[in-house]
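Structural characterization, general
So you can see what is in the structure, the chains are spelled out below.
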Amino acid sequence: MIEGKGLGGKKINRVNMSLSNLYDTKLKRLATSCNMPPTTLACLLIELSLDSDALVSVLQDRYNVHNAYRVLTLENYETGEIELILHERG
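What this report covers is the structure whose coordinates are included nearby. Keep in mind that this is a model prediction, so the values were computed, not measured.

Description of the overall build of the protein
Within the protein, the regular secondary structure consists of 3 helices and 2 strands. When the helices and strands of the protein are read in sequence order from the N terminus, they spell out α-α-α-β-β. Across the 90 residues in the protein, those meeting the buried criterion constitute 10%. In the protein, of all internal contacts separated by at least 6 residues, the share reaching a separation of at least 24 is 10%.

Shown next as C-alpha cells:
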C-alpha cells in the first residue's frame, strides 16, 4: 500500500507486536464478542490505554527507569484530546 493513498491525508503508523498464545486467544475471544477484527480491537485498546491518565501513571510507576523521560497526561481543551507531555524536572 502506498502511504497516504486513499486515506484522505490520514497517516497510518504500523506497529508490529507479538502476543503469547494466551493473550492472542484472549484478544480473539474479546474481538469476536465485540464483533470486530482482533487488530482493530488491539488498536482500540492501545488508544484507550494511552488516553487513560491512571493507566499511564501505573505503567510509569512500574516500568519507568529514567525520570527525565516521565510524561504527564494533559487534556488539550481546544481539541479535547489527551496529550502526553514530557515532564522536565529541574
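A look at the side chain of T73
By secondary structure assignment, the location of T73 is in strand 1 (residues 71–75). The class for T73 is buried, based on a relative accessible area of 18%. Within the local environment of T73, its side chain forms a polar contact with the side chain of D53, the two groups lying 2.3 Å apart. Every residue in contact with T73, bar those within four places of it in the chain, is listed here: D53, V56, I82, E83 and L84.

Examining unusual backbone geometry
You will see that N35, though not glycine, has its phi angle at about 55°, which is positive. Its place among the elements puts N35 in the loop between helix 1 (21–33) and helix 2 (38–50). Accessibility expressed as a relative area gives 72% for N35, which makes it exposed.

Quick word on helix 1
Its 13 residues place the ends of helix 1 18 Å apart at the C-alpha level, agreeing with the 18 Å of an ideal helix rising 1.5 Å per residue. Where helix 1 terminates, the next one or two residues include N35, which has phi positive at roughly 55°.

Let's talk about the side chain of Q60
Within the fold, Q60 resides in helix 3 (residues 53–63). Taking the relative accessible area as the measure of exposure, Q60 reaches 11% and is therefore buried.

Things to note about the pattern of salt bridges
Evaluation of the coordinates by the stated rule reveals 2 salt bridges. Residue K28 pairs with D24 through a salt bridge whose shortest N-O separation is 3.1 Å. Note that K28 and D24 are positioned in helix 1 at a spacing of 4 residues, about one turn of the helix. With a relative accessible area of 26%, D24 lands in the partly exposed category. With its nearest N and O atoms 2.7 Å apart, the salt bridge here joins R70 to D61.

Some points on the layout of surface pockets
Gaps left between atoms show up when a probe the size of a water molecule is rolled over them. There is about 740 Å³ of room inside the largest pocket. Forming the boundary of the largest pocket are 20 residues, of which N13, V15, C43, I46 and E47 lie nearest the centre. Mapped by element, the contributors of at least two residues to the lining of the largest pocket are helix 1, helix 2 and strand 2 (82–86). Ranked by residue count, the leading element in the lining of the largest pocket is helix 2, at 7 residues. By volume, the second largest pocket is sized at about 160 Å³.

Reading the values: rules and limits
- Residues numbered from 1 in each chain as written.
- Predicted model: local features only at pLDDT ≥ 70, side-chain atom pairs only at ≥ 80, totals over all residues.
- Heavy atoms only, no water.
- Helix = DSSP H or I, 4+ residues; strand = E, 2+ residues; numbered from the N terminus.
- Buried < 20%, exposed > 50% of the residue type's maximum accessible area, 1.4 Å probe, protein only.
- Contact = heavy atoms within 4.5 Å.
- Polar contact = N/O pair within 3.5 Å; in protein donor to acceptor, adjacent residues only side chain to side chain.
- Expected span 1.5 Å × (residues − 1).
- Salt bridge = Lys/Arg side-chain N within 4 Å of Asp/Glu carboxyl O.
- 1 Å grid on protein atoms, 1.4 Å probe; cavity = no way out; pocket = protein on both sides within 12 Å on 5 of 7 lines; lining within 4 Å.
- Points joined across faces, edges and corners; volume = space filled by probe spheres on them.

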